[in-house]
Amino acid sequence: MSHAATPPGPDHDGTQRDTGTLMLWEGSPPLDAPALTSTSTEPTERAIVLHLPLAILPVPEPTLRHLAAQPIPPTTGPGLLLARFMEGLADQCATLETKLALRLGSAAVDLSAVFLMNLADARGLLLPQPRKAELLEEIKSFVMQNLGEPRLSPALIASAHHISVRYLHCLFQQDKHTVSGFLREQRLERCRAELADPAHAARSVGAIRARWGFPDAAVFGRAFKRAYGVSPGEYRKRRLEAPCPSCRSAEHR
């Protein structure tokens, strides 16, 4: 997605002109340049374009489509802050060092996210809380069904549900989880259960970790030890060699 701004600035006589318009549009269709015309009778003198990858925006893709190609006069709030920030950034970008330019670019992305969330909320386009909870459960169910897929990632999960990666992260943050953390926890738990199960004793540790989406042995070993305090091999040895409760009961009779 791309975000176009027509910010304020001085005219040739030194007077300050009004803030122009903000507009969101998808990068694939051609831009309708007349749509960037100022709300006044004078045409816009310049446009500043901020390209925003869909994955970093905290707004679902269908909602963004509702907001696209609609000129928005940034008179107050986040829109006005964004327009003025973008103008200042455009005026100074030629003199900025790379590191500082990257930091200011991140600030522009954050301001854009706030602006879009505020706009979507004001227009009643965001999902209500019950629907968010329902969507989160759908996503978790999808993750559980695809734990063995090593390519499963936040980007793939978001794409499968037609939402942005950033919005996916927002959903999990409300549940006090991270996407990657939830995915890792569930995979580790499946591995732990099979390592402790005599029915899987003939299956190697490597086969079990690969079965549940851990292609790298070292990464799996570190994650398992961090979660359970011992290495996968040691955990399996302790659990499979420990006498079962029913056996211990029989010995005391």
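Residues numbered from 1 in each chain as written. Predicted model: local features only at pLDDT ≥ 70, side-chain atom pairs only at ≥ 80, totals over all residues. Heavy atoms only, no water.

A word on the environment of Leu111
And then number 1: With respect to the element layout, Leu111 can be found in helix H3 (residues 98–122).
And then number 2: The class of Leu111 is partly exposed, set by a relative accessible area of 23%.
And then number 3: Separated by 26 residues in the primary sequence, Leu111 and Phe85 place their C-alpha atoms 8.8 Å from one another.
And then number 4: Leaving out residues up to four positions away in the same chain, Leu111 has contacts with Leu81, Leu82 and Phe85. (Helix = DSSP H or I, 4+ residues; strand = E, 2+ residues; numbered from the N terminus. Buried < 20%, exposed > 50% of the residue type's maximum accessible area, 1.4 Å probe, protein only. Contact = heavy atoms within 4.5 Å.)

Thoughts on the packing of helix H7 (residues 179–195) against helix H9 (residues 217–228)
And then number 1: Interhelical geometry of H7 versus H9 gives an angle of 85° and a closest axis separation of 11 Å. With respect to their mutual orientation, H7 and H9 come out roughly perpendicular. Along the contact surface, H7 presents Arg184, Leu188, Glu189, Cys191, Arg192 and Leu195, while H9 presents Phe220, Ala223, Phe224, Ala227 and Tyr228.
And then number 2: Considered class by class, the residues forming the contact of H7 with H9 number 8 nonpolar, no polar and 3 charged. (Axes fitted to C-alpha atoms, helices over the stretch in contact; angles between N-to-C directions. Parallel < 35°, antiparallel > 145°, perpendicular 65-115°, else oblique. Nonpolar A, V, L, I, M, F, W, Y, C, P; charged D, E, K, R; others polar.)

Section: the packing of helix H2 (residues 77–92) against H3
And then number 1: H3 packs onto H2 with a crossing angle of 155° between their chain directions and a minimal axis gap of 9 Å. By the angle between their axes, H2 is roughly antiparallel relative to H3. The interaxial crossing formed by H2 with H3 has left-handed handedness. Contact residues: H2 offers Pro78, Gly79, Leu81, Leu82, Phe85 and Leu89, while H3 offers Leu104, Ala107, Ala108, Leu111, Ser112, Val114, Phe115 and Asn118.
And then number 2: Grouping the constituent residues of the contact of H2 with H3 by class yields 11 nonpolar, 3 polar and no charged. (Left-handed = near helix turned anticlockwise from the far one by under 90°.)

Brief notes about the confidence of the model for the protein chain
And then number 1: Confidence in the prediction of the protein chain, expressed as mean pLDDT, is 78, and 77% of residues score 70 or more.
And then number 2: The least confident element of the protein chain is strand E1 (residues 2–5), whose mean pLDDT is 40; the most confident is H9, at 96.
And then number 3: This model gives residues 30–39 a pLDDT under 50, and the stretch forms 19 contacts once residues within four places in sequence are excluded.
And then number 4: Long-range and interchain partners of residues 247–253, a stretch whose pLDDT sits below 50, account for 1 contact in this model, where long-range means more than four residues apart. (pLDDT = per-residue confidence, 0-100.)

Quick look at unusual backbone geometry
And then number 1: Phi is positive for His162, close to 60°, though the residue is something other than glycine.
And then number 2: Summarising the element assignment, His162 is placed in the loop between helix H5 (154–160) and helix H6 (165–174).
And then number 3: Given the relative accessible area of 54%, His162 is considered exposed.

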